[in-house]
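Structural characterization, general
Below, each chain spelled out in residue letters.
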Amino acid sequence: MSTAEKIAAFLVTAKLHNGITPDIAAHLGVTVNVLRRQMTSEKTSVGALLKAERRRRVQEVLQANPKINAKRMSGICGYPNVEQFYRAFRVWFGCKWTQYQQAAHQ
């Protein structure tokens, strides 16, 4: 199993937050520098894997509860504020959170 696959598996159950790299390194039993070198050799990054997990969580939660509020969703995804979640949502899904919510309420 690659380091990226181990990290992806860890992130599925982890409490997501910015600055999670030391937590991942500790879980894998390596230093942050070693983890970064491993990610570079695998041509990815912890940030990219974190973004992918956040998007996966958004999709999963929206399927179960399409009327969830943005503040709650932002917390589930580990964003420090709702504005960062809004920006990520717009990039991922091509619409604003409010547009999605209006469509979900119809």
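Let me sum up the structure you'll find in this document. Because the structure is predicted, anything quoted here is derived from the model rather than measured.

**A closer look at the nonpolar core**
With 15 residues, the main nonpolar core has Val 58, Leu 62, Met 73, Phe 85, Phe 89 and Trp 97 as its most contacted residues. Sorting elements by how many residues they give to this core places helix 6 (residues 82–93) first, with five residues. Those residues in contact with Phe 85, other than ones at most four positions away along the chain, are Val 58, Ala 70, Met 73, Ser 74, Tyr 79 and Trp 97. Grouped together as the second largest cluster of nonpolar side chains are 14 residues, Ile 7, Phe 10, Leu 16 and Leu 50 included.

**Describing the environment of Gly 75**
Summarising the element assignment, Gly 75 is placed in helix 5 (residues 70–76). Residue classification places Gly 75 among the partly exposed residues on the basis of a relative accessible area of 44%. Taking the C-alpha atoms as reference points, Gly 75 and Leu 16, separated by 59 residues in sequence, lie 8.7 Å from one another.

What counts, and where the lines are drawn
- Residues numbered from 1 in each chain as written.
- Predicted model: local features only at pLDDT ≥ 70, side-chain atom pairs only at ≥ 80, totals over all residues.
- Heavy atoms only, no water.
- Core = buried A, V, L, I, M, F, W, Y, C linked by side-chain atoms within 4.5 Å.
- Buried < 20%, exposed > 50% of the residue type's maximum accessible area, 1.4 Å probe, protein only.
- Helix = DSSP H or I, 4+ residues; strand = E, 2+ residues; numbered from the N terminus.
- Contact = heavy atoms within 4.5 Å.

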